[in-house]
Amino acid sequence: MSDMAMLIDSTTCIGCKACLAACKQENGLAPGNNYLKMIPIEFLNNHYVRYYAHVSCRHCSEPQCAAVCPVGAIKRSDDGVVVHNELLCIGCQVCASVCSYAAMRIMNNGIVGKCSLCKERISSGLSPACVSICPASARVFDAKEKVVRLAREREIEAEKKGYKAKIDGIDTQNKVLTLLPGR
């Protein structure tokens, strides 16, 4: 799985929030707890633009959250997935304060939670729950080279439709890339 990656394409997301519901269900999260967040963004750029920014763990190649965790509850596994051991977590929330993507969630019990890329599903040959449910194919999980190629193709298609798009994270070893409308 080390060569796998996820694309979150905000240029095709319809804002249905099926990914959020699938994540909650797959992870058995209590009401009020979420690993994913979706923020509507609106602006004018010769025309009205509305898209949904997805906030979740990017599974960074050098996760700052792991570097600052005083008990070692966060680790980047050999396959590149940044995992959080809730049993070790003491709830100090230092990891949440350093996350560049605001992806660490404070759960109702005070312990931090985060996306695991549905590591168990992936090891069984399935896609992450948020990917498998997306009706607009705005989330794609595949070999990183295919994901990068698809992101570039979609970036070109967005520009043909008259608006700019940019790929965030394409030059990193992070496991999650995003395609965002530009201004």
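Provided above is the structure to which this section pertains.
This report concerns the structure included in the present document.

Rules behind the numbers
Residues numbered from 1 in each chain as written. Predicted model: local features only at pLDDT ≥ 70, side-chain atom pairs only at ≥ 80, totals over all residues. Heavy atoms only, no water. Buried < 20%, exposed > 50% of the residue type's maximum accessible area, 1.4 Å probe, protein only. Helix = DSSP H or I, 4+ residues; strand = E, 2+ residues; numbered from the N terminus. Contact = heavy atoms within 4.5 Å. Phe/Tyr/Trp six-rings, centres within 6.5 Å; stacked < 30°, edge-to-face > 60°. Patch = residues over 30% accessible without salt bridge, like charges linked within 9 Å, V, L, I, M, F, W, Y side chains within 5 Å. Areas by Shrake-Rupley, 256 points an atom, 1.4 Å probe, with all protein chains shown as cover. Salt bridge = Lys/Arg side-chain N within 4 Å of Asp/Glu carboxyl O.

Every buried residue of helix H1 (residues 18-27) is accounted for by Ala-18, Cys-19, Leu-20, Ala-22 and Cys-23. Buried residues along H1 sit in contact with strand E2 (37-44), strand E3 (48-55), helix H5 (129-133) and strand E8 (139-143). Just downstream of H1 lies Gly-28, where phi reads positive at about 60°.

As a further point, take the packing of aromatic side chains. A full pass over the atoms with the stated rule returns one aromatic pair. Relative to Tyr-51, the ring of Phe-43 lies with its centre 6.3 Å away and its plane at 80°, an arrangement referred to as edge-to-face. Take Phe-43 and Tyr-51: they sit in the same class, and that class is buried.

On the surface, Val-71, Leu-88 and Ile-90 cluster together into a nonpolar patch covering about 250 Å² of accessible area. Within the secondary structure, Leu-88 is located in the loop between strand E5 (82-84) and helix H3 (94-98). Judged by relative accessible area, Leu-88 falls into the partly exposed class, the value being 40%.

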